[in-house]
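# Coordinate analysis (summary)
Residue strings, one per chain:
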Amino acid sequence: MKISEQDVLIVVDVQNDFCTGGALAVPDGEKVVPVINRIAQRFRNVVLTQDWHPGDHVSFASNHAHKKPYDTIKLPYGAQVLWPDHCVQDTEGAEFHKSLHTAQASLVLRKGFHRDIDSYSALYENDHKTPTGLLGYLRERHLKNVFVAGLAFDFCVRYSAEDARKAGFEVAVIEDACRGIDIDGSMAATHQSLKSLGISIVNIEAFL
Ligand code: VGL
Ligand code: ZN
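Notes on the structure in this doc start here. (Residues numbered from 1 in each chain as written. Chains lettered and ligands numbered in written order. Predicted model: local features only at pLDDT ≥ 70, side-chain atom pairs only at ≥ 80, totals over all residues. Heavy atoms only, no water.)

## Notes on the packing of aromatic side chains
- This model, assessed by the stated rule, comprises 8 aromatic pairs.
- For the ring pair Phe-43 and Phe-147, a centre distance of 5.5 Å and an interplane angle of 65° mean the geometry is edge-to-face. Pair noted here: Phe-43 is in the loop between helix 1 (32–40) and strand 2 (46–51) and Phe-147 is in strand 6 (residues 145–151), with a separation of 104 residues, a long-range link. The two residues Phe-43 and Phe-147 agree in class, both being buried.
- Relative to Tyr-120, the ring of Trp-83 has its centre 6.3 Å away and its plane inclined at 80°; by these criteria the two rings are edge-to-face. Of the two residues, Trp-83 sits in the loop between strand 4 (78–81) and strand 5 (107–111) while Tyr-120 sits in the loop between strand 5 and helix 2 (134–140), which places them 37 residues apart along the sequence. Grouping residues by exposure puts Trp-83 and Tyr-120 together as buried.
- Here the aromatic cluster, defined as three or more aromatic residues joined through ring pairs, consists of Tyr-70, Trp-83, Tyr-120, Phe-155 and Tyr-159.
- The lysine or arginine in question, Arg-110, covers the ring of Trp-52, its NZ or CZ lying 3.7 Å from the ring centre. (Phe/Tyr/Trp six-rings, centres within 6.5 Å; stacked < 30°, edge-to-face > 60°. Helix = DSSP H or I, 4+ residues; strand = E, 2+ residues; numbered from the N terminus. Buried < 20%, exposed > 50% of the residue type's maximum accessible area, 1.4 Å probe, protein only. Lys NZ or Arg CZ within 6 Å of the ring centre and 35° of its normal.)

## Things to note about the nonpolar core
- If you look at the biggest cluster of nonpolar residues, it comprises 64 residues, and the most contacted ones within it are Leu-9, Leu-134, Val-146, Val-173 and Ile-174.
- Put simply, the parts of the chain that give this core at least two residues each are strand 1 (7–12), helix 1, strand 2, helix 2, strand 6, helix 3 (153–166) and strand 7 (170–179).
- Ignoring sequence-local partners within four residues, the contact set of Val-146 consists of Val-8, Ile-10, Leu-138, Ala-164, Phe-169, Glu-170, Val-171 and Ala-172.
- Ile-73, Tyr-77, Leu-82 and Ile-117 belong to the second-largest nonpolar core, a separate cluster that totals 7 residues. (Core = buried A, V, L, I, M, F, W, Y, C linked by side-chain atoms within 4.5 Å. Contact = heavy atoms within 4.5 Å.)

## Some details on helix 3
- Among the 14 residues in helix 3, 11 count as buried, and that is most of the element.
- Phe-153, Asp-154, Phe-155, Cys-156, Val-157, Arg-158, Ser-160, Ala-161, Glu-162, Asp-163 and Ala-164 are the residues of helix 3 that are buried.
- Residues of helix 3 that are buried in the fold lie against strand 1, strand 5, strand 6, strand 7, helix 4 (186–196) and strand 8 (200–202).
- Backbone geometry just after helix 3 places Gly-168 at a positive phi near 105°.

## Observations regarding the site of ligand 1
- Ligand 1 sits among Asp-13, Phe-18, Asp-51, Trp-83, His-86, Leu-151, Ala-152, Phe-155 and Cys-156.
- Take His-86: an N or O atom from its side chain is 3.1 Å from a nitrogen atom of ligand 1.
- The backbone of Ala-152 places a nitrogen or oxygen atom 3.0 Å from an oxygen atom of ligand 1.
- By residue class, the composition of the shell around ligand 1 is 6 nonpolar, 1 polar and 2 charged. (Near = heavy atom within 4 Å. Polar contact = N/O pair within 3.5 Å; in protein donor to acceptor, adjacent residues only side chain to side chain. Nonpolar A, V, L, I, M, F, W, Y, C, P; charged D, E, K, R; others polar.)

## Examining the pairing of strand 2
- Among the 6 residues in strand 2, 6 count as buried, and that is most of the element.
- Burial along strand 2 is two-sided: Val-46, Leu-48 and Gln-50 and Val-47, Thr-49 and Asp-51, pointing in opposite directions, are all buried.
- Across 4 bridges, strand 1 lies against strand 2 in parallel orientation. Each bridged residue has a counterpart across the sheet, and for Leu-9 the counterpart in strand 2 is Val-46.
- Regarding the hand of the β-α-β motif, the stretch spanning strand 1, helix 1 and strand 2 is right-handed.
- When strand 2 meets strand 5, the two strands line up parallel, connected through 5 bridges. (Pairing = 2+ DSSP bridges. Right-handed = clockwise from strand over helix to strand, strands pointing away.)

Right, here's the structure in full:
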């Protein structure tokens, strides 16, 4: 596959807290790092996202009485899974994995910084209304084809890919450059949903 000027790689949340030993570790999360480094060097346009929560964030189980991680609560915008405290602003857990090559990224986009709204997608927060600004960035830079990799496949990768597709981009998820959490069948649900939206699933060998 030839990568064009209009292609962009969105690298989702490759942060310490999502890797082994982190607060919300995705199994084998760090294994995406060498894979992403390899493909990222082929892209002219790379965006990194960074989950970036205040300590009193609504998505943390610790901020709700009688709740534990992975419980679900109802918020004004709908159902919200509660997580262990993770990616707290300015902590080591929120830093990118130390082996991730970050230099060639043109944008580092932080998300999840509003206390009362979580943000899985890199385009819209979980109320599906509050924009992160990434859509404007992609459009103003005339980017057309979005490739998504990173963590976690069944949360932030999934919703980033879906929102990009709904906004009219061609979208592909690079499956072997992702790892998932798998809560309540979320991996299977993600595969199904990506397919029904016309989002391609590709493997890194397509780029090498
Ligand atoms: C994520 C749960 C909570 C992710 C972020 O990056 O997929 N998942 N915050
Ligand atoms: Zn988060």
